[in-house]
Amino acid sequence: MSARDDFARALLDPDQPCPAGLVAWNGSDPARRFQVYRNNVLVALVDALADGFMVTRELVGDAFFRAMAAAHARAHPPRSPVLACYGADFPGFIARFPPAAGLPYLADVARLEYLRVVACHAADVAPVSQAALAARLADEAGLPALGLGLQPSLAVLSSRFAVVSLWAAHHGVGDLAAVLPEAAETALVLRPGLEVEVIGIPPASGVFIAALQSGRPLGQAADEAMALGVGFDLAATLGLLLQKSAVTALHPSGSIS
Amino acid sequence: MPKPVHPASPARGAAAPGPACLPPRCGLGLKPEHFRAILETQPEIGFFEIHAENYMVEGGPLHHYLTQIRSHYPLSLHGVGLSIGGDGELDAVHLDRLAALIERYAPDSFSEHLAWSSHGGVFLDDLLPLPYDRYSLIRVCAHIDQVQTRLGRRMLLENPATYVEFAASTFSEAEFLGEVVVRTGCGLLLDVSNAYVSCVNHGRDPWAFIEALPLAAVGQVHLAGFACDTDAAGDSLLIDTHGAPVSQAVWALYRRLLGRVGPMPTLIERDNDIPPLPVLLAEARCAQGMLQELAP
């Protein structure tokens, strides 16, 4: 074990002793000084999570959130110095975090927030032009085999809980007290321009969009959506994707290269 | 194989060799909360500085705003994640990301820290101290050579704020930095606040420390605020928070430094408790006033 191993391990593990070999000019106990580094590391990682999971934090309160985030940071510290997308494992950690068991929807709210973080920093891709789209849609016979490329920022989250309403209520839309967390909701996350949007969509639309995103052509994606048996409005779903500039490529053969 | 030292002439704040250099004026750290205010008001400011790692994302608002702001202002790229003081190999993927960012924004300066932040594949998100011994010197110089070769430009190395020292150290920090500058040809980013914080924390005289640094290699100055704590003996322990205005003691050192090295690109750093842009612009004007006192 090198001195650096001891130093690094003690930073993240409060049960480890202060590393050997540290000194202070006045002969004072270096453990007190080492504590500054421990604190810096933990605060920085907790703050990084707090930035991305604001609604999760509001739902549990700051003290609970920081304790949960610190436990996560110690168990799953970042593997990269690029922290913009740190926290991919945090929703799963929340789902298994016993003190949060009383809020079964918390992990899905965190999943939604993480999708927003990823969408914010996703690549910018121009949507297909109206002309290209009109030309392709005019070919009705070819539509079932048509594949659609979607924005890199786009994601679908199908939840057993009212994640969209909870998220919206925490952003001043709707009354939080009126939200029934146990109502299943499907969220569409995407960034049409500079702002990430969270849109509640019917579950069948979620299945359809997820199928398109997986590279399946329109016809097959629509079949999967209808197989859900809860009604599927193809025109409205396509209309939403177009309105949000979500379609970035057309693949007549249905194959997504 | 040591490279020759570039005979920069920083007494006139010019001529750090490289693709470009920052103007000898005061700049500010660029914060997303100020993007729109900057573009709307186009304030009179020497340059903006960004933390490189914050912009290592594919798209979105960060690049949108930075692209616009870059078109109006000189830019300093300041890395916080290379772990130049680390034990292991530099992260080549991270160095590639840095090269791509430099390609995209053509910054006027690139700087990093005499510190480590990654170990064993884990990023610890802090600038951690290293012993100043022969082994560290060889590692740090090898890393800086690698960075300068990969990026094709000279980098500036920043002196750290530290809270502990190592029994194993055989160089003073100033001696260590002097050796690194001689062996690699890199420049020095002199963080006056870090110098002050470290000297208070280690019972030394800040001006004597600054005078012992390789001042001819200074290419940029940082100024920031700190918090006050005490150590186990009840002596002052200053914490480099970047969360407060620059202190009077640091301003006094800065003015004295300018008298010695001449006008220097100077950054007001503020990364926590970020106030509205006009507050930071006022602080930048303090530094700008001191810079202009030196103008012929």
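Notes on the structure follow.

Reading guide: rules and limits
- Each chain carries its own residue numbering, running from 1 in the direction its sequence is written.
- Here every chain gets a letter starting at A, and every ligand a number starting at 1, in the order they are written.
- For a predicted model such as this one, the threshold for reporting local features is a pLDDT of at least 70, and the threshold for listing and counting side-chain atom pairs is 80 or more; totals across whole chains, interfaces and linings nevertheless cover every residue.
- The basis for every side-chain value is the complete set of heavy atoms in the structure, and neither hydrogens nor water enter the calculation.
- Strands here mean DSSP runs of E at least two residues long; helices mean DSSP runs of H or I at least four residues long; both are numbered from the N terminus.
- The contact criterion used throughout is that any non-hydrogen atoms of two residues lie within 4.5 Å.
- Between the rings of Phe, Tyr and Trp (Trp by its six-membered ring), a pair exists once the centres lie within 6.5 Å; its type follows the angle of the planes, with under 30 degrees stacked, over 60 edge-to-face, and the other angles tilted.
- Accessibility here uses a 1.4 Å probe with only protein chains present; expressed as a share of the type maximum, an area under 20% marks a residue as buried, one over 50% as exposed, and anything in between as partly exposed.
- A pair of strands is labelled paired if DSSP reports no fewer than 2 bridges between them.
- Each axis is a line fitted through C-alpha atoms, taken for helices only over the stretch in contact, and angles between the N-to-C directions span 0 to 180 degrees.
- Buried Ala, Val, Leu, Ile, Met, Phe, Trp, Tyr and Cys residues that are joined via side-chain atoms within 4.5 Å together make up what is termed a nonpolar core.
- An automatic or database domain assignment is the source of the domain bounds shown.
- Buried area is understood as the total, over both parts, of accessible area removed when two parts are fitted together, assessed with a 1.4 Å probe.
- Between Lys or Arg on one side and Asp or Glu on the other, a salt bridge is scored when a side-chain nitrogen of the former is within 4 Å of a carboxyl oxygen of the latter.
- Any pair of N or O atoms that falls within 3.5 Å is considered a polar contact. Within protein, one atom must be able to donate a hydrogen and the other to accept it, and sequence-neighbouring residues count only if both atoms are side-chain atoms.
- Residues are sorted three ways: Asp, Glu, Lys and Arg are charged, Ala, Val, Leu, Ile, Met, Phe, Trp, Tyr, Cys and Pro are nonpolar, and all the rest, Gly among them, are polar.
- As used here, the arc belongs to the directions running from the helix axis to the C-beta atoms.

### Considering the side chain of Ser205 of chain A
No. 1: With respect to the helices, strands and loops of the structure, Ser205 of chain A is situated in helix H9 (residues 203–213).
No. 2: Residues in contact with Ser205 of chain A, not counting those within four places in the same chain, are Phe232 and Thr237 of chain A.

### Here we look at the packing of aromatic side chains
No. 1: By the definition in use, this model includes 18 aromatic pairs over all chains.
No. 2: Between Phe65 of chain A and Phe90 of chain A, the aromatic rings sit 5.8 Å apart at their centres with planes inclined by 90°, giving edge-to-face as the arrangement. One end of the pair, Phe65 of chain A, is in helix H4 (residues 62–75); the other, Phe90 of chain A, is in helix H5 (residues 90–95), and 25 residues separate them in sequence. Exposure class is identical for Phe65 of chain A and Phe90 of chain A. Each is buried.
No. 3: Between the aromatic rings of Phe35 of chain B and Tyr65 of chain B, the centroid separation amounts to 5.0 Å while the plane-to-plane angle is 25°, which identifies the pairing as stacked. Residue Phe35 of chain B is found in helix H1 (residues 35–41), and its partner Tyr65 of chain B is found in helix H2 (residues 61–70); the two are separated by 30 residues along the sequence. By the burial criterion, Phe35 of chain B is buried, and Tyr65 of chain B matches it.
No. 4: Among the aromatic residues, those joined into a ring-pair cluster are Phe7, Phe34 and Tyr37 of chain A together with Trp116, Tyr163 and Phe166 of chain B.

### Some details on the sheet that holds strand E4 (residues 185–190) of chain A
All names here are of chain A.
No. 1: Strand order in the open sheet made by the 3 strands is E3-E4-E5, with antiparallel pairing throughout. Looking at which strands have only one partner, the edges of the open sheet turn out to be strand E3 (155–159) and strand E5 (197–201). Across the sheet, the mean angle separating the axes of adjacent strands is 25° when strand polarity is ignored.
No. 2: Two strands pair when backbone bridges link them, and E4 and E5 are joined in this way by 5 bridges, in the antiparallel orientation. Bridging from a neighbouring strand, Leu190 pairs with Glu197 of E5.

### Regarding the nonpolar core
No. 1: Counting residues in hydrophobic clusters, the biggest one holds 147 residues, and the most contacted among them are Ile210 and Leu223 of chain B.
No. 2: Considering every element that reaches this core, the biggest residue donor is helix H2 (residues 30–52) of chain A, with 9 residues.
No. 3: A domain split of this core shows at least three residues from each of domain 1 (1–103) and domain 2 (123–257) of chain A.
No. 4: Those residues within four positions of Leu223 of chain B in sequence are excluded, and the remaining contacts are Val192, Ser193, Val246, Val250, Trp251, Tyr254, Thr266, Leu267, Ile268, Glu269 and Ala287 of chain B.

### Notes on the pairing of E4 of chain A
Residue and element names in this part refer to chain A.
No. 1: The buried fraction of E4 is high, at 6 of 6 residues.
No. 2: Burial along E4 is two-sided: the residues Glu185, Ala187 and Val189 and Thr186, Leu188 and Leu190 are all buried.
No. 3: Between the end of E4 and the start of E5, which pair antiparallel, lie 6 residues.

### A short note on the environment of Cys18 of chain A
Residues and elements named next belong to chain A.
No. 1: Tracing the backbone through its elements, the reader meets Cys18 in the loop between helix H1 (3–12) and strand E1 (22–23).
No. 2: Along the chain, Cys18 and Ala67 lie 49 residues apart, while their C-alpha atoms are 22 Å from each other.
No. 3: With residues near it in sequence (within four places) discarded, Cys18 still touches Pro30, Ala31 and Phe34.

### Thoughts on the side chain of Ser109 of chain B
All names here are of chain B.
No. 1: Along the chain, Ser109 turns up in strand E4 (residues 109–113).
No. 2: Note on Ser109: relative accessible area 7%, which makes it buried.
No. 3: Contacts of Ser109, omitting those with residues within four sequence positions, involve Leu22, Leu75, Ser76, Leu77, Arg153, Leu156 and Gln220.

### Observations regarding the interface of chain B and chain A
Frequently, the measure chosen for interface size is the accessible area removed from exposure when the parts meet.
No. 1: Listed per partner, the contact involves 50 residues of chain B and 40 residues of chain A.
No. 2: Roughly 3,800 Å² of surface becomes buried between chain B and chain A when both sides are summed, with 61% attributable to carbon and sulfur atoms.
No. 3: The tally of links between chain B and chain A comes to 4 salt bridges.
No. 4: Summed over the shared surface of chain B and chain A, the number is 21 residue pairs in polar contact (both at pLDDT 80 or more).
No. 5: Of all elements in the fold, only H2, helix H3 (92–105), strand E5 (116–119), strand E6 (122–128), strand E8 (165–166), helix H6 (192–201), strand E11 (227–230) and strand E12 (236–239) of chain B reach the threshold of two or more residues within the side of chain B that touches chain A.
No. 6: With 7 residues, E6 of chain B is the largest single contributor of residues to the side of chain B that touches chain A.
No. 7: Here the side of chain B that touches chain A is composed, by residue class, of 24 nonpolar, 15 polar and 11 charged.
No. 8: Two elements, E1 of chain A and E8 of chain B, share 2 bridges in a ladder whose sense is antiparallel.

### A closer look at the environment of Met155 of chain B
Residue and element names in this part refer to chain B.
No. 1: By the element assignment, Met155 lies in the loop between helix H4 (134–151) and strand E7 (156–158).
No. 2: Exposure remark for Met155: the relative accessible area of 1% places this residue in the buried category.
No. 3: When the C-alpha atoms of Met155 and Leu127 are compared, they prove to be 18 Å apart, with 28 residues separating the residues in sequence.
No. 4: Once you skip the residues sitting within four places of it in the chain, Met155 turns out to touch Ile84, Phe110, Glu112, Ile144, Val147, Gln148, Cys186 and Gly187.

### A closer look at the pairing of E5 of chain B
A regular strand carries its side chains on alternate faces of the sheet.
All names here are of chain B.
No. 1: Bridge count between E5 and E6: 3 bridges; the pairing is antiparallel. Bridged to Ser118 within E6 is Phe123.
No. 2: Counted along the chain from E5 to the antiparallel partner E6, the turn is 2 residues long, and its residue Gly120 has a positive phi close to 60°.

### Here's the deal with H9 of chain A
Residue and element names in this part refer to chain A.
No. 1: Buried residues of H9: Ala204, Ser205, Gly206, Phe208, Ile209, Ala211 and Leu212, and no others.
No. 2: Of the surrounding elements, those touching the buried residues of H9 are strand E2 (147–150), E3, E4, E5, helix H10 (218–226) and helix H11 (234–243).
No. 3: Immediately beyond the C-terminal end of H9, within one or two residues, lies Gly215, with a positive phi of roughly 100°.

### Description of H10 of chain A
Residue and element names in this part refer to chain A.
No. 1: When we look at burial in H10, the residues that qualify are Leu218, Gly219, Ala221, Ala222 and Ala225. Looking straight down H10, one finds its buried side chains confined to an arc of 165°; they lie on one side.
No. 2: Tucked into the core, H10 has its buried residues touching E2, H9 and H11.

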